[in-house]
Amino acid sequence: MSIDHAPLSTLDVLESEAIHIIREVAAEFEKPVLLFSGGKDSVTVLHLAAKAFWPAKIPFGLLHVDTGHNFPEILKFRDETAEHYGLELSVAKVQDYIDDGRLRERPDGTRNTLQTQPLLDAIAAGGYDAVFGGARRDEDKARAKERILSLRDEFGGWDPSNQRPELWNIYNGRHVSGEHVRVFPISNFTELDVWSYIARENIALPELYYAHEREVFNRDGMWWATGEFSTPREDENVIRRTVRYRTVGDMSCTGAVESDASDIDSVLAEVAVTTVTERGATRADDRISAAAMEDRKKDGYF
Amino acid sequence: MTTTPVTTTTKTLLRFATAGSVDDGKSTLVGRLLHDAKAILADQLEAVTATSRERGFLGGEFDFALLTDGLRAEREQGITIDVAYRYFATDRRSFILADCPGHVQYTRNMVTGATTADAVVVLIDARTGATEQTRRHLTVVQRLGIEHVIIAINKIDLLGYDRAELERVEAEVEALAVEIGLEAPHLIPVSALAGDNVAETSANTPWYSGPALLELLETLPSKEENTADLEPFRLDVQSVLRPQGGLAPGLDPEEYRDYRAVTGQVTSGRVHLGDEIDVHPAGIRTTVVGIDTADGPLESAGAPLSVALRLADDIDTARGSVLAAAGTLPQPRKELRAEVFPFTAEGLRTGDRVLVKAGTTTVKGIVTVESRRNLATSQIEDAEVLAGNDIGVARVKLASALPLADFREHGRSGGFLIIDRQSGGTVAAGIHAPEEE
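Here is what the cut-offs are and how they apply
Residues numbered from 1 in each chain as written. Chains lettered and ligands numbered in written order. Predicted model: local features only at pLDDT ≥ 70, side-chain atom pairs only at ≥ 80, totals over all residues. Heavy atoms only, no water. Helix = DSSP H or I, 4+ residues; strand = E, 2+ residues; numbered from the N terminus. Rg over C-alpha atoms; globule rule 2.2 N^0.38 Å. Buried < 20%, exposed > 50% of the residue type's maximum accessible area, 1.4 Å probe, protein only. Contact = heavy atoms within 4.5 Å. Areas by Shrake-Rupley, 256 points an atom, 1.4 Å probe, with all protein chains shown as cover. Lys, Arg positive; Asp, Glu negative; His and termini not counted. Charge placed at Lys NZ, Arg CZ, Asp CG, Glu CD. Buried area = accessible area lost by both parts, 1.4 Å probe. Polar contact = N/O pair within 3.5 Å; in protein donor to acceptor, adjacent residues only side chain to side chain. Pairing = 2+ DSSP bridges. Axes fitted to C-alpha atoms, helices over the stretch in contact; angles between N-to-C directions. Core = buried A, V, L, I, M, F, W, Y, C linked by side-chain atoms within 4.5 Å. Domains from an automatic or database assignment. Phe/Tyr/Trp six-rings, centres within 6.5 Å; stacked < 30°, edge-to-face > 60°. Salt bridge = Lys/Arg side-chain N within 4 Å of Asp/Glu carboxyl O.

Some remarks on the overall build of chain A
Moving on, step 1. Each helix and strand counted, chain A has 9 helices and 10 strands in total.
Moving on, step 2. Here chain A has a C-alpha radius of gyration of 19 Å; the compact-globule value for 302 residues is 19 Å, and the two agree.
Moving on, step 3. Buried positions account for 62% of the 302 residues belonging to chain A.
Moving on, step 4. By sequence separation, contacts in chain A at least 24 residues apart represent 72% of the contacts at least 6 residues apart.
Moving on, step 5. Accessible area of chain A: about 11500 Å², with a carbon and sulfur share of 47%.
Moving on, step 6. Within chain A, the 53 negative side-chain charges are centred at a point lying 2 Å from the centre of the 36 positive side-chain charges.

Focus on the overall build of chain B
Moving on, step 1. Helix and strand counts for chain B stand at 10 helices and 24 strands.
Moving on, step 2. Expressed as a percentage of the 437 residues in chain B, the buried residues total 58%.
Moving on, step 3. Residue pairs in contact within chain B that sit at least 24 positions apart in sequence constitute 70% of those at least 6 positions apart.

Side note on the interface of chain A and chain B
Moving on, step 1. Facing the 72 residues of chain A at the interface are 91 residues of chain B.
Moving on, step 2. Overall, the association of chain A and chain B removes approximately 6700 Å² of surface from exposure, summing both partners, and the carbon and sulfur fraction of that is 57%.
Moving on, step 3. Three residues stand out in chain A for area buried against chain B, namely A:Trp54, A:Lys145 and A:Trp168, and they jointly supply 14% of the buried area on that side.
Moving on, step 4. On the surface where chain A and chain B come into contact, there are 28 residue pairs in polar contact (both at pLDDT 80 or more).
Moving on, step 5. Where the side of chain A that touches chain B is concerned, the elements lending two or more residues are α1 (10-28), α2 (40-53), α3 (72-85), α6 (191-201), α7 (264-272), α8 (278-282) and α9 (292-298) of chain A.
Moving on, step 6. Looking at the side of chain A that touches chain B element by element, the count peaks at 12 residues for α1(A).

Quick notes on the sheet that holds strand β1 (residues 32-35) of chain A
Residues and elements named next belong to chain A.
Moving on, step 1. With mixed pairing, the 6 strands of this open sheet are ordered in space as β3-β2-β1-β4-β6-β5. Two strands in the sheet have a free side with no partner beyond their single neighbour: β3 (89-93) and β5 (149-152). When strand polarity is set aside, the average angle formed by the axes of neighbouring strands in this sheet is 30°.
Moving on, step 2. Inspection of the sheet shows β1 paired to strand β4 (residues 130-132) by 3 bridges, in the parallel sense. Directly across from Val33, in β4, lies its bridge partner Val131.
Moving on, step 3. α1 contacts β1, β4, β5 and β6 (180-183) of the sheet and is inclined by roughly 155° relative to β4.

Quick word on the nonpolar core
Generally speaking, a soluble globular protein has its nonpolar side chains buried in company with each other.
Moving on, step 1. Grouped together as the largest cluster of nonpolar side chains are 117 residues, with contacts concentrated most on A:Leu34, A:Leu149, A:Trp195 and B:Leu138.
Moving on, step 2. Split by domain, this core shows at least three residues from each of two domains, domain 1 (10-192 + 291-298) and domain 2 (207-287) of chain A.
Moving on, step 3. For A:Leu34, the residues in contact, after removing those within four places along its chain, are A:Ser42, A:Val45, A:Leu46, A:Ala49, A:Phe60, A:Gly61, A:Leu62, A:Leu63 and A:Phe132.

A look at the pairing of strand β22 (residues 392-402) of chain B
Residue and element names in this part refer to chain B.
Moving on, step 1. When strand β16 (residues 333-342) meets β22, the two strands line up antiparallel, connected through 7 bridges. Across the sheet, the residue bridging to Val340 is Gly392, located in β22.
Moving on, step 2. Where strand β19 (residues 361-374) lies against β22, 7 bridges are found, and the strand directions are antiparallel. Across the sheet, Val369 pairs through a bridge with Ala394, a residue of β22.

Regarding the sheet that holds strand β7 (residues 212-219) of chain A
Moving on, step 1. A sheet is described by the order of its strands in space; here 4 strands give the open sequence β8-β7-β9-β10 (chain A), paired in antiparallel fashion. In the strand order of this sheet, the two ends are held by β8 (222-225) and β10 (257-258) of chain A, each with one partner.

Brief notes about the packing of aromatic side chains
Moving on, step 1. Summed over the entire model, instances satisfying the criterion amount to 12 aromatic pairs over all chains.
Moving on, step 2. Relative to A:Tyr210, the ring of A:Trp195 has its centre 6.4 Å away and its plane inclined at 70°; by these criteria the two rings are edge-to-face. One end of the pair, A:Trp195, is in helix α6; the other, A:Tyr210, is in the loop between α6 and β7, and 15 residues separate them in sequence. We note that A:Trp195, like A:Tyr210, is buried.
Moving on, step 3. Ring geometry for B:Phe16 versus B:Phe95: centroids 6.0 Å apart, planes at 90°, classification edge-to-face. Separated by 79 residues along the polypeptide, B:Phe16 in strand β1 (residues 12-19) and B:Phe95 in strand β3 (residues 93-99) bring together distant segments of the chain.

Some points on the domain arrangement of chain A
All names here are of chain A.
Moving on, step 1. Taken domain by domain, chain A holds domain 1 (10-192 + 291-298) and domain 2 (207-287).
Moving on, step 2. Distance between the C-alpha centres of domain 1 and domain 2: 24 Å.
Moving on, step 3. The partner domain 2 presents 21 residues to the 24 residues of domain 1 that form the contact.
Moving on, step 4. Its largest share of buried area at the contact with domain 2, domain 1 owes to His69, Phe71 and Glu191, together 33% of the area lost on that side.

So, the pattern of salt bridges
All names here are of chain A.
Moving on, step 1. Under the definition given, this model contains 46 salt bridges over all chains.
Moving on, step 2. Close ionic contact of Glu146 with Arg152 constitutes a salt bridge, the shortest N to O distance being 3.1 Å. Here the two residues Glu146 and Arg152 agree in accessibility, since each one is buried.
Moving on, step 3. Notably, a salt bridge pairs Glu213 with Arg240, separated by 2.9 Å at the nearest N-O pair. Within this pair, whereas Glu213 is found in strand β7, its partner Arg240 is found in strand β9 (residues 239-244), the two being separated by 27 residues in sequence.

Structure (structure tokens):
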């Protein structure tokens, strides 16, 4: 039981906002789907969806774009979570596109931007008209500009200079056939809010987020896991370090940070005093240019 | 002010918007606020410093606008086109800052930022005083019923912190506020560049006895804190929850076999177990017998909590139904008199066939434009057409009656969208204003 008349905390307000958004979209769209990578943000959105429909089960399925470079631990967590909630999981595989020549491997070996076409094809093939994502506005300056319900044209593109006004808590998800809407229920959560919420709600996460020993090498100031998709060059020494991941993307573009934070409370304490953004710290894909995210989003990316 | 980082589990949230142009120093003010609240992280600062250097900013100074103007077009043109959301926290509170554009053609984006705001900070250059743009910004925030309006009179360092000069500007701004009908705005003399009265009160302005901007933002009550217990309870039903498609993991099917609840976010006020409520459009009075959340049942729920309500009687409730404390449901009307804010180049004209989306209902409507507010004189003039970024009054005939609240009295539950039937775009904001003022 809550205490009567106590002011709602930031987390209560953000949770209520997200639940309201998820319920609106489930009520107004024909066929929503939730993008689920097993990363902390999509895990948080899934948890909120479960709360929005309790005691009923979540009334839509999950979609993952597998780059083929994912951490195996994450894929296992993804499958177990879908199973726990009894949800259908569709997987679009970048590898299939590379195998049959629809996509070509990039010279630098990263596959982040290669996800866009499989994503758009999967959205079209599934007939999804609303696609939930875990993007947050504090992640990046292009995302800071995006509406909670964000219209995508027939080509999956985002038009940042002509966004629909978004007023009060009344969302307009109307679109014509061929268009779809991306939905970001945790737009207003910060990284610290997400971790605070994970702690408060006791949400299970992949173990990568907590400090563990791992064979790593240093490149461009980031710690990279050694593995099939990220192999050290000759001049890069492999050492064992205690690290954790702040974001979990591809092995080929996601670095780890040195950390002793092995449980949720110590991660929370670490995030609270961090001096570097999570994308700047650990994502090579966002170091390309000041507008890297905007350009990818215009193209149909998450 | 200190900024010991603590988690957001217990702090309250304030949403505020800033309006003004680069020339007024808005980006500098936003940058200063974020900087002084230690919300700019090292890599962001590094990126901004590097870009500033490329653009010719010397000696470690940096262009704060680079922090907030995130789109290519914005950086190229040196203007804010769309709202950027920024996040920071102090010991006392978490903040969501909607940094809004100042230019006339982007008023729709300012409206976007302002409708969710508890407070709006309007920026004025102390040297030029209130401009036509200031008049527009103050009119928009006044018409949208923003709870707290703060007018930051910026660049006081360029006036040499001269008290008499500032009092002249203040008198002018106060006269404008009275003309527009703005009640008791907070006036704060600041220098965003020098940091005077932004995070802390400044020794340069000993004659100013009020709080610094951030101190004021830390103590203003949010809309919900202010009104949750004064406003009558209202909830717009989002959906009916019946676990026929299957139960959440771990629940006993026997226990939830006949479960039925309506979901929604409390729009205003507070509902208690056992409260009598009226249901629109069923026209029936019933009792709340359960306030459910996934965390367990509650004894009461206030705005803006998302809940599931169980009702004593098995009455016809569905998405679009409205629940209200007994005797407080607004009269359902088939014609709205509304103040409207058209957003598109086409504007709004008499005879337009539109969709009206209010709360969780969408109905067809036909628009009759009545008048236009002359922003230069604050006078109301007869009109049949409203252009984009005008503010005016229209009547909207509806296909079915809606119980909209009077926006002037009850705020958000009187707001609605006007949607183009073909493109599906939001072409105007409307606020239900049944009476002439």
